[in-house]
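Here are the chains, one letter per residue:
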Amino acid sequence: MKLTPRLARLLINLWPPFLGAGIRVRAISPDWRDITVALKLRLGNRNYVGVHFGGSLYSMTDPFFMLMLMQNLGRDYIVWDKNGSIDYLKPGRGTVSARFTLDAATLAAIRGNTANGDKYLAQLQVAVVNEQGEVVARVHKTLYVRKKQKRPGAAEAAAGALRDEAGTA
């Protein structure tokens, strides 16, 4: 069963860590190349000085590039989050949001760099912005991507074994 954007949005919005933190996926494009996430400031996600807790800001950005790459590259690729960092630029007040985009050039670069089975470390970033459009934080993500190695099927393995035996006899 292929995960549709509509079903993914519903499931992610019901996922307990996001539900508890107040993180909401607002939209996922049909091609999985654009996702918008929002976080309202409330009692459960504010810090001691009354602004967004930094952990909530990072959490709202955590899984999305990985999901987008997995959906766009397909089952022939391994995709893992490898590293992430966040630069806090100003206090987050009110509702903040992040818009993740994945363009054709990035996908082409990943496919090109992994075509021969090599790993590729994709560097992606997203800005968390407040209601005035000001950047509150910038999140940098490194994703490990590798094309899966094809394993020989039973017939190919048997043929290879026969060739090996014939060559040694």
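Basis of the calculations
Residues numbered from 1 in each chain as written. Predicted model: local features only at pLDDT ≥ 70, side-chain atom pairs only at ≥ 80, totals over all residues. Heavy atoms only, no water. Helix = DSSP H or I, 4+ residues; strand = E, 2+ residues; numbered from the N terminus. Buried < 20%, exposed > 50% of the residue type's maximum accessible area, 1.4 Å probe, protein only. Contact = heavy atoms within 4.5 Å. Areas by Shrake-Rupley, 256 points an atom, 1.4 Å probe, with all protein chains shown as cover. Pairing = 2+ DSSP bridges. Axes fitted to C-alpha atoms, helices over the stretch in contact; angles between N-to-C directions.

**Re the overall build of the protein chain**
Tallying secondary structure elements over the protein chain gives six helices and six strands in all. In the protein chain, the succession of helices and strands from N to C terminus is α-α-β-β-α-α-β-β-α-β-β-α. Residue burial in the protein chain is summarised as follows: out of 169 residues, 36% are buried. Considering only residue pairs separated by 6 or more positions, the protein chain has 67% of its internal contacts joining residues 24 or more positions apart. When the accessible surface of the protein chain is summed, it comes to about 10300 Å², and 55% of that surface belongs to carbon and sulfur atoms.

**Digging into the sheet that holds strand β5 (residues 119–129)**
Within the open sheet, the six strands sit side by side as β1-β2-β4-β5-β6-β3. Their pairing is antiparallel. In this open sheet, the two edge strands, each paired with only one partner strand, are β1 (23–28) and β3 (77–88). On average, each strand axis in the sheet is inclined to that of its neighbour by 20 degrees, with strand direction left out of account. Relative to strand β4 (residues 96–101), strand β2 (residues 34–39) runs antiparallel, the two being bridged by six bridges. If you follow Asp34 over to β4, its bridge partner there is Thr101. Across the sheet, helix α5 (residues 104–114) is in contact with β3, β5 and β6 (135–147); its angle to β5 comes to roughly 160 degrees.

**Considerations on the environment of Val79**
With respect to the secondary-structure elements, Val79 resides in strand β3. Along the primary structure Val79 and Tyr144 are separated by 65 residues, whereas in three dimensions their C-alpha atoms are 5.7 Å apart. Filtering out sequence-adjacent residues up to four positions away, Val79 remains in contact with Met66, Leu69, Met70, Leu73, Leu143, Tyr144 and Val145.

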